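Survey of secondary and tertiary structure
What follows is the residue order along each chain.
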Amino acid sequence: MVNYILQIVSRDEVAIEQLSYEIRNDCTLTQTDVYAILETLGRKMKSHLEDGKTETLVSGGLAVQQK
């Protein structure tokens, strides 16, 4: 059995403003709505991670879990 270890390699940053702009182009929400959701998601994830919980984000069949 082969085990793989994923390691995050950062090459650049993306601002929340850019993310909200890109997402709003793919849905019916406004950029302001998307921005508010991303801000809230970030705060909620931070809070849960500080409490020792894990976060699982599922998108397109890919699950990413941070411990």
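Each remark here, short or long, concerns the structure printed above.
Rules used throughout
- Residues numbered from 1 in each chain as written.
- Predicted model: local features only at pLDDT ≥ 70, side-chain atom pairs only at ≥ 80, totals over all residues.
- Heavy atoms only, no water.
- Helix = DSSP H or I, 4+ residues; strand = E, 2+ residues; numbered from the N terminus.
- Buried < 20%, exposed > 50% of the residue type's maximum accessible area, 1.4 Å probe, protein only.
- Contact = heavy atoms within 4.5 Å.
- Areas by Shrake-Rupley, 256 points an atom, 1.4 Å probe, with all protein chains shown as cover.
- Axes fitted to C-alpha atoms, helices over the stretch in contact; angles between N-to-C directions.
- Parallel < 35°, antiparallel > 145°, perpendicular 65-115°, else oblique.
- Left-handed = near helix turned anticlockwise from the far one by under 90°.
- Nonpolar A, V, L, I, M, F, W, Y, C, P; charged D, E, K, R; others polar.

Some thoughts on the overall build of the protein chain
For the protein chain, the helix and strand inventory stands at 2 helices and 2 strands. What you see in the protein chain, going N to C, is helices and strands ordered as α-α-β-β. In the protein chain, buried positions account for 6% of the 67 residues. Considering only residue pairs separated by 6 or more positions, the protein chain has 0% of its internal contacts joining residues 24 or more positions apart. In the structure as shown, the protein chain presents an accessible area of about 6,300 Å², 54% of it carried by carbon and sulfur atoms.

Observations concerning the packing of helix α1 (residues 16-24) against helix α2 (residues 31-50)
It is the contact of α1 with α2, at a shortest axis distance of 8 Å, that shows an interaxial angle of 125°. With respect to each other, α1 and α2 are oriented oblique. Every pair of crossing elements has a handedness; the one defined by α1 and α2 is right-handed. On the side of α1, the interface is formed by I16, E17, L19, S20, Y21, I23 and R24, while α2 contributes Q31, V34, Y35, L38 and E39. For the contact of α1 with α2, a count of residues per class yields 7 nonpolar, 2 polar and 3 charged.

Here's the deal with the environment of Y35
The residue Y35 is located in helix α2 in this model. Given the relative accessible area of 30%, Y35 is considered partly exposed. Between the C-alpha atom of Y35 and that of I16, which follows or precedes it by 19 residues, the distance is 6.9 Å. If we ignore the near neighbours within four places in the chain, the residues touching Y35 are I16, E17 and S20.

Geometry only, nothing functional implied.
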